[in-house]
Amino acid sequence: MKKGIFIVLEGPDRSGKSTQAALLKEWLEAQGREVLVTREPGGTRLSEQIREILLDPESRIEPLTELFLYETSRIKHTLEKILPALKAGKAVICDRYTLSTVAYQGYGRGLDLKTVATLNRIATLDLKPDVTIVFDIPDRIFAQREKTRPGRDRIERAPDAFRRRVNRAYKLLARKPGMTRVDGGRSIEAIQADIRARVRRLLKK
Ligand SMILES: Nc1ncnc2c1ncn2[C@@H]1O[C@H](COP(=O)(O)OP(=O)(O)O)[C@@H](O)[C@H]1O
Ligand SMILES: [Mg+2]
């Protein structure tokens with residue numbers, strides 16, 4: 001049986017994660033791989049219920065509660081969906097995982113980064129992605145995408161200063177050891193080619 005691989009896509013809203021996830025899935029399936037595309041927060045019934053609470057613009061959630069809600073949803077998602085799929089030899093493509101919590105709740109909300117790291121470790125049962133692809137998008141392009149598709153959910157509607165902190169955090173995190181930074185300001189095809197090259201290396205291991 002093929003070995004399971006865990007691929008995480010990270011970056012701010014509208015950075016191209018979902019677009020690239022769908023193309024990567026096609027490519028992996030064409031190679032005879034079984035693929036699971038999933039997302040956070042979400043992926044299981046309980047996790048999708050928590051997602052609704054988190055993204056509802058009517059919800060009033062202070063930062064620490066927000067952190068625990070994301071992590072609670074992650075435990076269930078990891079246990080019920082990601083780990084079984086990896087065990088069955090699937091390629092799992094996850095749209096957001098622990099780095100999102102570092103960027104949004106750590107850098108964005110200003111929660112202690114050590115607390116975030118500890119909870120991330122607990123909520124993932126120590127599962128680490130085989131590769132984390134981080135989209136780095138020029139601010140100018142963001143501004144354009146926001147105009148064409150204005151945000152509606154609670155996180156997308158957060159103050160500009162919050163979203164700027166998150167975007168800056170992703171630029172920083174993309175350059176950390178172990179991350180695969182992708183210049184997201186290019187064509188969909190060029191970005192996909194980079195991602196495929198990275199995953200090809202992973203598959204050869
Ligand atoms: N490389 C790209 N160039 C131009 N537009 C893009 C590119 N990648 C994605 N888009 C468009 O930007 C928007 C956000 O992309 P999406 O994949 O939904 O981002 P995310 O899942 O990160 O929020 C969509 O309208 C998508 O068609
Ligand atoms: Mg998306």
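Rules of the game
- Residues numbered from 1 in each chain as written.
- Chains lettered and ligands numbered in written order.
- Predicted model: local features only at pLDDT ≥ 70, side-chain atom pairs only at ≥ 80, totals over all residues.
- Heavy atoms only, no water.
- Buried < 20%, exposed > 50% of the residue type's maximum accessible area, 1.4 Å probe, protein only.
- Helix = DSSP H or I, 4+ residues; strand = E, 2+ residues; numbered from the N terminus.
- Pairing = 2+ DSSP bridges.
- Near = heavy atom within 4 Å.
- Polar contact = N/O pair within 3.5 Å; in protein donor to acceptor, adjacent residues only side chain to side chain.
- Areas by Shrake-Rupley, 256 points an atom, 1.4 Å probe, with all protein chains shown as cover.
- Nonpolar A, V, L, I, M, F, W, Y, C, P; charged D, E, K, R; others polar.
- Phe/Tyr/Trp six-rings, centres within 6.5 Å; stacked < 30°, edge-to-face > 60°.

Asks: Let's hear about the pairing of strand 1 (residues 5-10): which residues, and what values?
Replies: In terms of burial, strand 1 is largely enclosed, as 6 of its 6 residues are buried. Every second residue of strand 1 is oriented toward a common face, with Ile5, Ile7 and Leu9 on one face and Phe6, Val8 and Glu10 on the other, all of them buried. One ladder, built from 5 bridges, connects strand 1 with strand 3 (residues 91-95); its direction is parallel. Bridge pairing in strand 3 places Leu9 opposite Asp95.

Asks: Just give me the short version of the site of ligand 1, but keep the residues and values in it.
Replies: Looking at ligand 1, there are 14 residues lining it, with Arg14, Lys17, Ser18, Thr19 and Arg186 nearest. Gly16 places a polar main-chain atom, nitrogen or oxygen, 3.0 Å from an oxygen atom of ligand 1. Contacts to ligand 1 include Arg186, whose backbone N or O atom sits 2.8 Å from a nitrogen atom. Protein chains shield 70% of the accessible area of ligand 1, which is 560 Å² for the free molecule. For the shell around ligand 1, the elements supplying multiple residues, two or more each, are helix 1 (17-30) and helix 8 (188-204). Grouping the amino acids of the shell around ligand 1 by side-chain chemistry returns 3 nonpolar, 5 polar and 6 charged.

Asks: Describe the packing of aromatic side chains, with residues and values.
Replies: A complete count under the given rule lists 3 aromatic pairs for this structure. Here the aromatic rings of Phe6 and Tyr97 are separated by 5.1 Å at their centres, their planes lie at 80°, and the arrangement is edge-to-face. Of this pair, Phe6 sits in strand 1 while Tyr97 sits in the loop between strand 3 and helix 4 (98-108), and the two are 91 residues apart along the sequence. Its relative accessible area of 1% is what places Phe6 among the buried residues.

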